[in-house]
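Residue-level listing of the chains:
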Amino acid sequence: MAWRLWTTQVDEVDLVENAVYEEHQSRAGVNGTGPGSLMDPLEDPVPGLGTYEDFNTIDWVREKSKDRDRHREITKNSRRSTVALLHSISDAFSGWLLMLLVGLMAGALAGGIDIAAHWLTDMKEGICLDGFWFSHEHCCWKSSETTFKDRDRCPQWQTWGELITGTSEGAFSYILNYLIYIVWALFFAFLAVTLVRAFAPYACGSGIPEIKTILSGFIIRGYLGKWTLITKTVTLVLAVSSGLSLGKEGPLVHVACCCANILCHLFTKYRKNEAKRREVLSAAAAVGVSVAFGAPIGGVLFSLEEVSYYFPLKTLWRSFFAALVAAFTLRSINPFGNSRLVLFYVEFHAPWHLVELVPFIFLGIFGGLWGALFIKANIAWCRIRKTTRLGRYPIVEVLAVTAVTALVAYPNSYTRMSGAELISELFNDCSLLDSSQLCGYLQPANISETGIGNSLADRPAGPGLFTALWQLALALLFKMLITVVTFGMKVPSGLFIPSMAVGAIAGRLLGVGMEQLAYYNHDGLIFKGWCTPEADCITPGLYAMVGAAACLGGVTRMTVSLVVIMFELTGGLEYIVPLMAAAMTSKWVADAFGREGIYEAHIRLNGYPFLEPKEEFEHSSLAVDVMRPRRSDPPLAVLTQDSMTVGGVEALVESTRYSGFPVVVSQESPRLVGFVLRRDLLISIDNARKRQDGVVGASLVVFSEHPPAQAPDGPPPLRLRGIMDLSPFTVTDHTPMDITVDIFRKLGLRQCLVTHNGRLLGIITKKDILKHMAQIANRDPDSILFN
């Protein structure tokens, strides 16, 4: 889809809602309804005005002005009657009601997604004889034949090999389970990619890069529609259940924003104002993280820090309210079956020591290096996907990656389990009766069974732990490689859980290493004084938690919101300092290799017109260096306020692809009068030809308040002053570009006119700024296109 660009390529087309068509008496003297008059648009509005075309940017200033005028009108009318007063009260509370509905809908959908994904994931390995709709955990809940040690085993749950062969032992049963696991994985992946291609191509990927772009004012029709919501909800369950290295947390932000966009149509206040709708979408992004992790406060901070472009204080309150409602809704559904809202509840009994900040910082360095490496590798792979034949066969690609994932993942129990289950296992603090392989320690006779509180003292590693460690090392390599090619495929794919899994594995490996070092060297210089032989000095699960935060921070460059999400995710309040140290170290290290996070990198890869608010503009150029027309370009196309005919205007519009035209006094005196948008002209002229007799090609088009004198036998003029922006934003030719960029960012402008002593020189569009910044960064400026 080509951009409509100024001069060589002017960006966004926009419409002005309040077009005023004044009556012009016909030469026959008929008042108001006869030939030669325009109907009042307040009584009979012109169709098409006040809306936006697809793949264009909204006018934030105009939208805010529209809402301000609407609010003033409601307030003024509320003093006149009781009905108007009630309407004013309902209008004031409509935002809170909308937030309530968004929270309820998103929370219910997230609970359903969690339950369905858990069930289908378990179905790859076996079935419950009491009812196929029970997951493995739910199937064994009421069984009286389970033991504490083997609480995941019960006669009611049988693997496919056990169901077919009658035994769970032997090579044949194992191979049968292996094959059925792969078949289920391929089936789920095939369904996911087929449904996405058939019903909603926008349902693929994470959705967060596009959400960021939409919140900056860009319009992508259908991206937040009902078909996208339905398809993404269903295919997200299938994609997660297929065992691919992806998560559902990022896509849940997209799901919540779809809910908000659909519910906005129930309220006129939000249906007819794009800027107000984006305030709701910002709150919905917070809701998405709230239901993904059970972290309402972290969700609000995530929306503020990472996603939102415009975040007023009112949106902050409403985001908090909506995230709270969504969290309570999810808690009521209780999808995890543990009566807790948090996804990974931890209960570490040993406090951390100041010396441990060193390994925590090392985990931050690892997370930053992994984040920078992952972004570069993933963007390179996505670029290959876009520019080669691979991109033409998304179904084949998804099935191939799924087959490789399932084939390699099944033999290793740590890659076979889902990402959330793996992270929960790695965060776990070993108790006395824990049967996990990660708790395969030896128990010396001379050491008491308890250390601090209810935890065990540090113990030497046993054969079970050594087996788990090399399996985790293989899982780490596999996760790092397979996530690079998985993220960005044509299925819903989030990055939170895979990134956290990589960091949690690395953290657990380091934590076990530190634990063994402390056990065998408790009298050494590092551990002396705070680590005694019968103490629980090192908690490997804490290292896994810090590592997860470090890798997620390295990939997304989150800081404050990341620490709060991790705190809410685990309930580990006293471990905020280690999380902060790892998150900041991760960001600093990753920023040394490139300041873009994964979402900004994908925005640039796709060519979305996004002006990054966190990016500094350090070049010393001026507005005259960036504006159009340049010296080699044709002269600026303009309209004059009262000397052009309908035919001349139509010819100018037809011969150019500009999205708008400055209006000047005359060609000889190019003093700026206003700005008119291309589509407004076309709609207005076409409407006038249909509804007003006497409008011909020779009719004068008038943008001034008082039209010039007409010949007695000439056609009536077409007065279009009402569709003109009388106060377009302007800068002088010597305005520094860093100030101009700030104006574009903070006001959400689409274009800005450049003047010198009141005379029009040129125009700067958002696209021109993005191309200029790309040239400064030695990137291809023509890549900033939405195709």
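Residues numbered from 1 in each chain as written. Predicted model: local features only at pLDDT ≥ 70, side-chain atom pairs only at ≥ 80, totals over all residues. Heavy atoms only, no water.

So, on to the overall build of the protein. Within the protein, the secondary structure is distributed over 27 helices and eleven strands. Counting across all 787 residues of the protein, residues that qualify as buried make up 57%. In the protein, the share of contacts with a sequence separation of at least 24, taken over all contacts with a separation of at least 6, comes to 74%. (Helix = DSSP H or I, 4+ residues; strand = E, 2+ residues; numbered from the N terminus. Buried < 20%, exposed > 50% of the residue type's maximum accessible area, 1.4 Å probe, protein only. Contact = heavy atoms within 4.5 Å.)

Another point: the pattern of salt bridges. Here the structure, examined in full by the defined rule, presents 22 salt bridges. Residue Arg-62 pairs with Glu-63 through a salt bridge whose shortest N-O separation is 2.6 Å. We classify Arg-62 as buried; its relative accessible area is 13%. The shortest N-O distance in the salt bridge between Glu-249 and Lys-248 comes to 3.7 Å. A relative accessible area of 12% means that Lys-248 is categorised as buried. One network of salt bridges, with partners in common, ties together Arg-62, Glu-63 and Lys-66. (Salt bridge = Lys/Arg side-chain N within 4 Å of Asp/Glu carboxyl O.)

At a closest axis distance of 8 Å, the pairing of helix α2 (residues 82-123) and helix α7 (residues 226-241) adopts a crossing angle of 30°. As far as their axial angle goes, α7 and α2 are roughly parallel. Both α2 and α7 take part in a crossing whose hand is right-handed. Of the residues in α7, those in contact with Met-105, Leu-109, Ile-113, Ala-116, Ala-117, Leu-120 and Thr-121 of α2 are Leu-229, Thr-233, Leu-236, Val-237, Leu-238, Val-240 and Ser-241. (Axes fitted to C-alpha atoms, helices over the stretch in contact; angles between N-to-C directions. Parallel < 35°, antiparallel > 145°, perpendicular 65-115°, else oblique. Left-handed = near helix turned anticlockwise from the far one by under 90°.)

Its place among the elements puts Val-398 in helix α14 (residues 394-409). Between the C-alpha atoms of Val-398 and Ala-239, which are 159 residues apart in sequence, the distance is 9.9 Å.

We now examine unusual backbone geometry. Going from Arg-628 to Pro-629, the amide bond is cis rather than trans, its omega being 0°. Looking at the element boundaries, Pro-629 is found in the loop between α23 (623-626) and β3 (639-640). Of note in the backbone geometry, Arg-557 takes a positive phi value of approximately 65° without being a glycine. Relative to the helices and strands, Arg-557 resides in the loop between α19 (540-556) and α20 (560-570). A residue is classified by how much of its surface remains accessible, and Arg-557, at 6% relative accessible area, is buried. A positive phi angle, near 55°, is found at Asn-757, a position not held by glycine. Mapping Asn-757 onto the fold places it in the loop between β10 (751-756) and β11 (759-765).

Throughout the structure, instances matching the rule amount to three disulfides. Each sulfur of the disulfide joining Cys-430 and Cys-439 lies 1.9 Å from the other. Of note, the bridge from Cys-430 to Cys-439 carries an S-S torsion of about -90° and is left-handed in sense. No difference in accessibility class separates Cys-430 from Cys-439, as the two residues are buried. (Disulfide = S-S within 2.5 Å.)

The next point concerns the UniProt feature "transmembrane region" (unreviewed entry) in the protein. In this numbering, the UniProt entry assigns the feature "transmembrane region" (unreviewed entry) to residues 96-120, 178-203, 280-304, 354-373, 393-410, 468-489 and 495-512. Span residues 96-120 is 100% helix and 0% strand, its end C-alpha atoms 36 Å apart. (UniProt positions renumbered as here; feature names shortened; annotations may be inferred.)

With that settled, consider the pairing of strand β5 (residues 660-664). A large share of β5 lies buried, amounting to five of its five residues. Taking every second residue as pointing to the same face, both faces of β5 are buried, with Gly-660, Pro-662 and Val-664 on one and Phe-661 and Val-663 on the other. Two elements, β3 and β5, share two bridges in a ladder whose sense is parallel. Bridging from a neighbouring strand, Leu-639 pairs with Val-663 of β5. The sheet contact formed by β5 and strand β6 (residues 672-677) spans five bridges and is antiparallel. Across the sheet, Val-664 pairs through a bridge with Leu-672, a residue of β6. (Pairing = 2+ DSSP bridges.)

The next subject is the sheet that holds strand β4 (residues 644-645). Strand order across the open sheet formed by three strands is β4-β7-β8, with mixed pairing between neighbours. Because the sheet does not close on itself, it has two edges, and the strands there are β4 and β8 (718-719). Strand direction decides the pairing type here: β4 and strand β7 (residues 700-702), joined by two bridges, are antiparallel. Counterpart to Thr-645 in the pairing with β7 is Leu-700.

A word on the nonpolar core. Within the largest apolar cluster, 142 residues are counted, with the highest numbers of intra-cluster contacts made by Phe-427 and Met-566. A domain-level breakdown of this core finds at least three residues from each of domain 1 (98-137 + 150-333) and domain 2 (354-441 + 457-600). For Phe-427, the residues in contact, after removing those within four places along its chain, are Phe-344, Val-346, Phe-348, Ala-504, Arg-508, Gly-541, Ala-544, Met-545, Ala-548, Met-566 and Thr-570. Counting residues in each nonpolar core, the second largest holds 22 residues, with Val-663, Val-673, Ile-685 and Leu-720 among its members. (Core = buried A, V, L, I, M, F, W, Y, C linked by side-chain atoms within 4.5 Å. Domains from an automatic or database assignment.)

As a further point, take the sheet that holds β11. Strand-to-strand pairing in sheets goes through backbone hydrogen bonds, with the strands running parallel or antiparallel. Spatially, β9-β10-β11 is the arrangement adopted by the three strands of the open sheet, whose pairing is mixed. Bordering the open sheet on either side are β9 (730-732) and β11, each of which pairs with just one other strand. If you compare each strand with its neighbour and ignore which way they point, the axes differ by 35° on average. Of the pairings in the sheet, the one linking β10 to β11 comprises six bridges and is antiparallel in character. Residue pairing across strands places His-756 opposite Arg-759, the latter belonging to β11. Of the strands in this sheet, β9, β10 and β11 are in contact with helix α26 (residues 737-747), which crosses β11 at around 65°.

Summarising the element assignment, Ser-245 is placed in the loop between α7 and α8 (249-264). Judged by its relative accessible area of 5%, Ser-245 falls in the buried class. Here Thr-483 takes part through its side chain, which lies 2.8 Å from a polar atom of the side chain of Ser-245. In this structure Ser-245 touches Lys-479, Ile-482, Thr-483, Thr-486 and Pro-498, once residues within four positions along its chain are discounted. (Polar contact = N/O pair within 3.5 Å; in protein donor to acceptor, adjacent residues only side chain to side chain.)

Take the packing of aromatic side chains next. Under the definition given, this model contains 23 aromatic pairs. Centroid distance Tyr-174 to Tyr-178: 6.1 Å. Interplanar angle 70°. Geometry classified as edge-to-face. Here the residue Tyr-174 and the residue Tyr-178 both occupy positions in helix α5 (residues 171-199), the gap between them amounting to four residues, near one helical turn. Overall, the relative accessible area of 18% leaves Tyr-178 in the buried class. Note on Phe-199 and Trp-227: the rings are 6.0 Å apart at their centroids and 15° apart in plane angle, and the pair reads as stacked. Highlighted residues: Phe-199 in helix α5 and Trp-227 in helix α7, separated in sequence by 28 residues. (Phe/Tyr/Trp six-rings, centres within 6.5 Å; stacked < 30°, edge-to-face > 60°.)

This part is about the packing of helix α16 (residues 419-427) against helix α18 (residues 496-520). The description of two helices packed together rests on the angle between their axes and the distance between the axes. The N-to-C vectors of α16 and α18 enclose an angle of 25°; their axes lie 9 Å apart at closest approach. Between α16 and α18, the interaxial angle falls into the category roughly parallel. Like other packed secondary-structure pairs, α16 and α18 cross with a definite hand, here left-handed. Across the interface between the two elements, Gly-419, Ala-420, Leu-422, Ile-423, Glu-425, Leu-426 and Phe-427 of α16 pack against Ile-497, Met-500, Ala-501, Ala-504, Ile-505 and Arg-508 of α18.

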